[in-house]
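Residue-level listing of the chains:
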Amino acid sequence: MSERTATIWVETDRPCEVHVSTGAHGVEAAARTFTAHGHHYALVDVDGLEPGARIPYTVALDGETVWPEAGSPFPASEIRTMAPVGMVRISFGSCRRSPDRAGVHGLDALSAFAYRLASTAGAVPGVPSSGVAAGDGAVWPDALLMVGDQIYADELGEEMLAYLDERRGPDTEPKGEVADFEEYTKLYELAWHEDPAVRWLLSTLPTFTVFDDHDVRDDWNTSHAWRQEMWRQPWWRARITGGIGSYWVYQHLGNLSPEGRAADPVYAAVRAAAAQGADVGKIIDEFAERADREPATARWSYAHDWGGTRLIVVDSRASRLLTADRRGMLDDDEFAWLDGRVQGGMEHLLIASSLPFLLPRSIHHAEAWNEAMAAGAWGKRSAQVAEGIRQAADLEHWAAFDRSFRTVSEYVLAVARGERGTAPVSISFLSGDIHYSYLARVTKPDTGGTDAAGRAIGGTAITQVVCSPLRNPLAGKFRKANKVAGTPLLPGMFRMLAKSAKVPVPPMKWKITDGPWFDNSIATVELSGRRCHVRWDTPSTATELVEMGRAHIS
């Protein structure tokens, strides 16, 4: 998505030419499919569009129109291009269990969000436009950002388990988890194709993603010890190549601009092999295994500038540096890339990471303490215990990579001080993962922000915006534990533990000012001129959203 270009991603049931037409707008584009492990995909780059436009389009396979679907109750799919100036709206969320026919995980915020947008045209039977909440809820975002756990490869629903039983039996490893590329394709089908509202939403709203652990496996890349243990499993190679390879096809290719895809050597190799009629599954498998074993050979992070807003999406999962003697949330090349993009000169800087950068402070100090313990701060025996705790309690957020946390903090504070160009009005981290939502504000060093009336009071407002889950709420006991983590006394207690392990004081101090909220939800950040605010919405029914919270950032 840009001012004049858009990319349509298609999966088909056979090799063919995919043709996209904008009808009266006169823009046509086409691409041949490529085949990977017997599945067929195409990305059609549409160029020459008008900025800020809403353009209906159709998709034909070898001349036969297949989209929009005949008889669909949803409005015609549209290409929506960015306007060169004006407000930027980005809706985001994470952690979506789907399908969920038994209703175990509650109402689906992403599906309800789709109905909200569709209802603005009054096109969906049974969903009147009056169902749009609070009036301004009818405003469309410019993009949808899904920040992790779009699928759950290790926590499967009944449909997927039945499929695995039929395909390979219930007792084959890995039990109750997907095993390879083929099974990942089924998981994506259930997650994105089964719900017609979500399928329509993805066809008409520009969408960006980044993966988190459940897209591959819980605790993915928690530590060097975890990686060693996984690679000892005889089924792991097919699992990791299938997970990373399918992510590249189903999610990552759409994150790139047409120019970025054209410069991607893997995509070039895929296109060249496909032109010769070859199945490119082996190319993708080899790339995926190399990307896991040597993270510096692949980059999953990306950035886009829209007017005065820069969105930086940071891979905080696959690009980790995890060796016997070094650990980092990002490897050296990834840090160099990020350093070059966390710069001033923009009105607003958004840094998206699946994992929250600013956790509740008690959890932050606990994870920093655990990392120091696992590194031997209290001896070898304590280190072994700490590693077990790390994996059992998922202590692997930015706080558990203290040097990486400090490095990014230095980047951000330098931007806020105007040392990297004109300081922005706001710097916001957008994250998910933890299954509840909140806004945290940096209070020290003083970076400005808003007063009680929501008026800007100068400086750069630095915040953490968390929205999670789209559909996978915390169980009661974990909800209570996280509520306790927010009590005033605990941060000081865990900071003393961290200090005892020689963890330095964090370079920033922050506090949660809005939330936490534990319901399924989707958030929208709005940026216009010097204003930035965020709103969280939660489904009240399967087709309606209501406001859960709202906060002014600048």
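Residues numbered from 1 in each chain as written. Predicted model: local features only at pLDDT ≥ 70, side-chain atom pairs only at ≥ 80, totals over all residues. Heavy atoms only, no water.

**Q** For this particular structure, what's the right way to read the confidence of the model for the chain?
**A** Do not read the fine detail of predicted coordinates wherever pLDDT is low. In the predicted model, the chain carries a mean pLDDT of 92, and 94% of its residues have values of at least 70. Note that residues 125-137 has pLDDT below 50 and, in this model, 21 contacts with residues that lie over four places away or in other chains. (pLDDT = per-residue confidence, 0-100. Contact = heavy atoms within 4.5 Å.)

**Q** Help me understand the sheet that holds strand 14 (residues 309-314) in this model?
**A** Strands pair in a sheet through their backbones, by hydrogen bonds, and they do so in one of two ways: parallel or antiparallel. If you walk across this open sheet you meet the 7 strands as 13-14-17-18-20-19-21, and the pairing is mixed. The outermost strands of the open sheet, each flanked by one partner alone, are strand 13 (302-306) and strand 21 (509-517). Here the average twist between neighbouring strands, direction ignored, is 15 degrees. In terms of strand pairing, strand 17 (residues 348-353) meets strand 18 (residues 426-431) through 5 bridges, oriented parallel. Residue I351 lies in a different strand from strand 18, and its bridge partner there is F429. Contacts between helix 13 (residues 402-416) and the sheet are confined to strand 17, strand 18, strand 20 (461-466) and strand 21, with strand 18 contributing the most and set at about 150 degrees to the helix. (Pairing = 2+ DSSP bridges. Helix = DSSP H or I, 4+ residues; strand = E, 2+ residues; numbered from the N terminus. Axes fitted to C-alpha atoms, helices over the stretch in contact; angles between N-to-C directions.)

**Q** Is there a simple way to explain the side chain of T5 in this structure?
**A** Locating T5 in the fold gives a position in the segment before strand 1 (6-12). The buried category is assigned to T5, whose relative accessible area is 16%. Not counting residues up to four positions away in its chain, the partners in contact with T5 are V46, D47, L49, T81 and P258. (Buried < 20%, exposed > 50% of the residue type's maximum accessible area, 1.4 Å probe, protein only.)

**Q** What exactly am I supposed to notice about the pattern of salt bridges here?
**A** Two side chains carrying opposite charge are able to pair once their charged atoms lie near each other. A complete count under the given rule lists 38 salt bridges for this structure. The salt bridge involving E183 is made with R168; its shortest N-O contact spans 2.6 Å. Here E183 is found in helix 3 (residues 181-193), whereas its partner R168 is found in helix 2 (residues 158-168), with 15 residues between them in sequence. Of the residues examined, E183 reaches a relative accessible area of 0% and is grouped as buried. One salt bridge in this structure joins R310 and D305, with 2.8 Å as the shortest N-O distance. Assessed through its relative accessible area of 42%, D305 is described here as partly exposed. In this structure, a network of salt bridges that share partners links the residues R116, R535, D537, E547 and R550. (Salt bridge = Lys/Arg side-chain N within 4 Å of Asp/Glu carboxyl O.)

**Q** I would appreciate a short explanation of the side chain of R471 in the present structure.
**A** Tracing the backbone through its elements, the reader meets R471 in the loop between strand 20 and helix 14 (476-485). Relative accessible area serves as the criterion here: at 12%, R471 is assigned to the buried category. Within the structure, the side chain of R471 is placed 3.0 Å from the backbone oxygen of G106, a separation counted as a polar contact. In this view, R471 contacts C95, R96, R97, S98, P99, D100, H105, G106, L107, D108 and N520; residues no more than four positions away in its chain are not counted. (Polar contact = N/O pair within 3.5 Å; in protein donor to acceptor, adjacent residues only side chain to side chain.)

**Q** For this particular structure, what's the right way to read helix 8 (residues 265-275)?
**A** Because the α-helix completes a turn every 3.6 residues, residues three or four places apart line up on one side. Listing the buried residues of helix 8 in full gives V266, Y267, V270, A273 and A274. With its buried residues spanning 130 degrees around the axis, helix 8 presents them on a single face. Exposed positions of helix 8 whose direction lies more than 90 degrees from the buried face are P265 and A275. (Arc of directions from axis to C-beta.)

**Q** Looking at this model, I keep getting lost on the packing of aromatic side chains. Mind explaining?
**A** The description of two aromatic rings rests on the distance between their centres and on the angle between their planes. All chains considered together, the criterion is met by 28 aromatic pairs. Centre to centre, the rings of Y188 and W192 are 5.3 Å apart; their planes meet at 55 degrees, and the pair counts as tilted. Taken together, the positions of Y188 and W192, both in helix 3 and 4 residues apart, correspond to about one turn of that helix. As far as the burial class goes, Y188 and W192 line up, both buried. Ring geometry for W226 and W236: centres 5.7 Å apart, planes at 85 degrees, overall edge-to-face. (Phe/Tyr/Trp six-rings, centres within 6.5 Å; stacked < 30°, edge-to-face > 60°.)

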